[in-house]
Structures are given as C-alpha cells and as structure tokens.
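The chain contents come next:
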Amino acid sequence: MLGFVRVPAQERPPNIVMFFVDNLGNGDVGCFGSKLHRTPHIDRLAKEGTRFTSFYVASGVCTPSRAALMTGCYPPRVSMHVSGSGGAVLRPLDTKGLNPEEMTIAEVLRTAGYATGIFGKWHLGDQPEFLPTRQGFDYFFGIPYSDDQTKDKQPETWPELPLMRQEKVIEAPVDRDFLVKRCTEEAIGFIERNRARPMFVYIPHTMPGSTKNPFSSPEFRGKSANGEYGDAVEELDWSTGQIMAALERLRLADNTLVIWTSDNGAVRRTPQQGSCAPYRGWGYDTSEGAMRMPCVMRFPGRVRAGRVCDEVISTIDMLPTFASLAAAKLPPKPIDGHDVRPILFDQGAGKSPWDDVGYMFYRMDQLQAVRAGPWKLYLSPPERQGANDRRIAAVPLALYDVRNDVGETREVAAEQPEVVRNLSQLAEAARVELGDLDRPGRSQRPAGYNPNPQPLVP
Ligand SMILES: [Ca+2]
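Here the residue numbering is sequential within each chain, running from 1 through the sequence in written order. The predicted nature of this model means local features are confined to residues of pLDDT at least 70 and side-chain atom pairs, given and counted, to a pLDDT of 80 or more, with totals for whole chains, interfaces and linings taken over all residues. Values reported for side chains reflect all heavy atoms of the structure, with hydrogen atoms and water molecules removed beforehand.

S.K.: Whenever I open this one, the layout of surface pockets confuses me. Can you help?
M.R.: Empty space among the atoms becomes visible once a probe the size of a water molecule is rolled across them. Lining residues are defined by having an atom within 4 Å of a point belonging to a cavity or pocket. Those points lie on a 1 Å grid over the protein atoms alone, cavities being sets where a 1.4 Å probe fits but cannot get out and pockets being open sets with protein on both sides within 12 Å along at least five of seven lines. Grid points are joined across faces, edges and corners, and a volume is the space filled by probe spheres set on the points. Approximately 1,200 Å³ is the volume found for the largest pocket. In this description a helix means any DSSP run of H or I spanning at least four residues, a strand means any run of E spanning at least two, and both kinds are numbered starting from the N terminus. Counting residues per element, the ones that place at least two in the lining of the largest pocket are strand E13 (359–363), strand E14 (366–372), strand E16 (384–385), strand E17 (391–392) and strand E18 (398–401). Amino acids outside the nonpolar list (Ala, Val, Leu, Ile, Met, Phe, Trp, Tyr, Cys, Pro) and the charged list (Asp, Glu, Lys, Arg) are all regarded as polar, and Gly is one of them. Residue composition of the lining of the largest pocket, grouped by class: 18 nonpolar, 18 polar and 10 charged.

S.K.: For this particular structure, what's the right way to read the side chain of Ser65?
M.R.: Locating Ser65 in the fold gives a position in helix H2 (residues 62–71). Under the relative-accessibility criterion, Ser65 is labelled buried at 0%. Each polar contact in these results corresponds to two N or O atoms within 3.5 Å; when the atoms are within protein, one needs to be able to donate a hydrogen and the other to accept it, and residues that are neighboring in sequence are counted only if both atoms are side-chain atoms. Polar contacts involving the side chain of Ser65 include one to the main-chain carbonyl oxygen of Asp263, which spans 2.7 Å. Whether two residues touch is decided by their heavy atoms; if any such pair falls within 4.5 Å, the residues are in contact. The residues touching Ser65, leaving out its near neighbours within four places in the chain, are Phe20, Val57, Ser59 and Asp263. Buried means the residue's accessible area, taken with a 1.4 Å probe over protein chains only, is under 20% of the maximum for its type, while exposed means over 50%, and partly exposed covers the values in between.

S.K.: So what exactly am I meant to see when it comes to the coordination of the calcium ion here?
M.R.: Where a metal carries four tetrahedral donors, each ideal angle is 109.5 degrees; where it carries six octahedral donors, the ideal angles are 90 or 180 degrees. For Na, K and Ca the donor cut-off is 3.2 Å; for every other metal, N, O and S atoms count as donors within 2.8 Å. Water does not enter the count, which can leave sites looking incomplete. Taken together, the protein donors to the calcium ion comprise Asp22 (OD), Asn23 (OD1), Cys62 (SG), Asp263 (OD), Asp263 (OD) and Asn264 (OD1), at separations of 2.2 to 2.7 Å. Think of it this way: with four donors and all angles in the 85 to 135 degree range, the site is tetrahedral; with four or six donors, opposite ones beyond 155 degrees and the rest between 65 and 115, it is square planar or octahedral; otherwise it is irregular. One can describe the site at the calcium ion as irregular: its six donor atoms subtend angles covering 51 to 150° at the metal. Of note, the donors binding the calcium ion are all from one chain and are spaced D-N-x38-C-x200-D-N. Residue Cys62 is located in helix H2, and its partner Asp263 is located in the loop between strand E9 (256–262) and helix H6 (288–291); the two are separated by 201 residues in the primary sequence. Grouping residues by exposure puts Cys62 and Asp263 together as buried.

S.K.: Is there a simple way to think about the nonpolar core in this case?
M.R.: Soluble, globular proteins show a tendency: their nonpolar side chains are buried together. Nonpolar cores were defined as sets of buried Ala, Val, Leu, Ile, Met, Phe, Trp, Tyr and Cys residues, with membership established by side-chain atoms within 4.5 Å. By size, the foremost hydrophobic cluster in this structure holds 85 residues, and its most contacted members are Phe200, Met297, Met318 and Phe322. The dominant element in this core, judged by the number of residues it contributes, is helix H10 (residues 417–434), at seven residues. Residues within four places of Met297 in sequence aside, it is in contact with Leu45, Gly49, Thr50, Phe52, Phe55, Leu257, Val258, Ile259, Val303, Ile313, Met318 and Leu344. Formed by 48 residues, the second largest nonpolar core is a distinct cluster that contains Ile143, Phe190, Met199 and Met207.

S.K.: I tried to follow the confidence of the model for the protein chain on my own but got confused; where do I start?
M.R.: Should pLDDT be low for a region, the predicted coordinates there are not to be read in detail. pLDDT measures the predictor's confidence residue by residue and takes values from 0 up to 100. The share of residues in the protein chain with pLDDT of 70 or more is 97%, and the mean pLDDT across the chain is 95. Below pLDDT 50 for its whole length, residues 1–9 participates in 12 contacts with residues either more than four positions away or in separate chains.

S.K.: Where do I start with the environment of Thr104 in this structure?
M.R.: Mapped onto the secondary structure, Thr104 falls in the loop between strand E3 (96–97) and helix H3 (105–111). Relative accessible area serves as the criterion here: at 0%, Thr104 is assigned to the buried category. In the structure, Thr104 is positioned 28 residues away from Pro132 in sequence and 9.5 Å away in space, judged by C-alpha atoms. When sequence neighbours within four positions are dropped, the list of residues in contact with Thr104 reads Met70, Leu98, Gln135 and Leu319.

So, in structure tokens, the structure goes:
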C-alpha cells in the first residue's frame, strides 16, 4: 500500500512527465467511461492516482491551449488567442509565435536544474526563434505544428510536414503512422540519458490529431473496436505503458508526477469517432466537451490513489504548481494560474481558487463563459461580424450547475439571479485585464512576430 508520506525537502525534486494528447475527448478513455477503447495503462494511472473531473484546458483549440499550458496564462494575456492571420490556430509560416520573452514551464524548471524534453507536437510557432529549443527545452523531437497541416493543403507555400530533432528537419514529409511510436522511443531515450537529474518530460502526442483518419503503427491498425480513431487511442495507451515501464525500470516512478490529459475535446465527425461524454459539445469551442478534459495524475505518496477530485483546476495551474514542486522561481511577469498543490495532494480544505475569481472560457478574442463553484454561465454575446463577412449568431444567456448536472440538461438562469450577477461581475473583471472582442485588455502582452517567415523545409 502507498502511504501518505511527506517527501523530505532535501530530496531531489520530483520528475514531471506530462502527456498532452491531441483532440481526445473525456469519454475516450476507459477510466472516464469509454466502453470502446482499451486503455489499461491509463486506467492503471487512475487506480494508482487521482482522477480529476473538473480539469480544464484554457481553449478548445490547439495553439491557445498549448500556449496557456506553457505559460500559466490565459491565451489572450500572451496574445496567442488568434493566429497571425486572425485564425484560431497557427498555420505553417505563421507570422506569430509564442513570444520568446515569455517564460515557459520548461524555462522555469530549467532554472531549478531540470532536464527538459518535448516529444510530439509544439504548435507555438515554426520560425527558429519560436521553436521549443528557444523556449527552455533541451531536446525537441516531433512536429512543429498539426498533423493535418500538410503541403497538399497549400502546395504553393506550405512545406512538407517536417519531423524535427532539435532545430533540424530530419524527415519531410514525416511518416505519420510512426509518430506516436517514435516519440515514445525518443522520450524513453531521454529519460534514460537524464536519469541522474530531475526532468520535465512533455509528451504532446500528435494523435488522435486533426485528420479524419488518425494514424497508428501497423501493430495497432485495425485492432480496436472504433476504427482508425480507436487504433490511435489504443496506441496512445501503449505509449503510456511504455513510459511507465521505463520509469519503473530506472526506479524513477516513485519520485515522478505523471499527468495524462488532452489539449481539447474530440472533434465532431460523421459518423462519430471520439467522445466527449458525458459532457455537451465537441472540440474547438467553449463547451464542456471542448474544454473539460479527462485528467489523471499519479505521484505515489503525494497524489492519493483511487481518489476522484471534482475541484476546478486548469492547465494554467501547472506552471505555478510545478514551480513550487521544483522550488523554482515564478516568471517575472504576471500569470493567471494558481499553485494547486493543496488540491492535487488533498491537503487542508483543498478548495479551488477558481471558485472565488471565476475560470474564464475564451474562444479566440471573445469571452464566452465563466465557471465558479458548480456554476457555469454562458455569457450572451450579441450577433457580430466574423471573418469573410460571416455573421456569428448571438448566444442566449444560460446558467448550468455543471457539477451536479454535467450534461447541462437544466438551464437555471432565471432561478439564480444572484449567481448570474456574481458570475457576470467576475467576467467583467476578466475583460478589463484580458479583453473581449474589440476591447483590448490592459494586461495583454504581445506575441512574438516574424514579418518574413521562411519554410522549415527548403
Ligand atoms: Ca488540439
């Protein structure tokens, strides 16, 4: 049995291994309810650790979600809420990237002596000054943006999808069938090489990814009960098992915080592929399905085994929490996340700091919803002009108890005027800092900008 033992301060700070898979919904893993996908290794993490059932990403799409995790900030604070051309995510040769002056999790942990590696998809800028190697990562193996951003989409300008090691393209186009397998092998090699140091191993796997036909290696193809999507999910589970086995083999597993989650919910497809059940909505917007993720954490003796925790926490809490674990200094500029160790480790009241200040749901430049305690208020943006003369319809005000009515079946705004008023005030406070539509926020910082982006593959 794992006891509840405090780790003496003089011991080496813990390793942190974080899986951050792409476009996978809450209902896609066994321990969160999937009956379709076999995920024994992720389920084992849940049994040996805690399942977090109100774990949120900070955006329903890739780039802003990843920017938020890396910086501990809401996407608009670091101006990564829209791409250089006003889109939802960065594209190849985007003029934008995460500002090199922002301090990432990797930079924070590196100051505390951590070895830092990223294995998978970056998507925070593909110009040299924006690459992970310039943002605190000692080692990068993977692709600079999404698996669907291939040359055939824009043959005139986009290069073949590059596989990179450090800042070098080693294959283009990359064989996407082997991405999960190769990233797993590279991560294990990194863990072996750095076993004597504390390490941050960030594994943003590229699957199930953004294509209609997710990729998997031959051992997994055709083996699941859910087509190519299920095959990809089961290979992600295999990868989890491989990484855990490596940590155990090297006797590192007991001093490692392992986190397993996704960057945003499963995307709506016909016929259905992924699942965001029991939540409403699909990836890419501010619905619960898009932003409330399956999350398990394992850290023997610290994160309690077999527990389920429904306190609101977010990817933006990871930077300050990891900094505390590593006894590292926080970035000099303000961040939005909180140190949530009391919630992770079930210490004291363990009440979410977001219950008081509200957790904000931005879609690109628009604040669309706020959650505090059990309540999620969908704000009521008026009809507006979108890109290409498209009208974006007005959304009615709606309030749900997303703790007890997770499927949002009962709208209660009229019954709870005080809750509506309180959450509206919290939203207004966020607008002042972070902006909303044409209204700039006073605390927004610029993204990185490259006026003359060059393709990574000549
Ligand atoms: Ca994504």
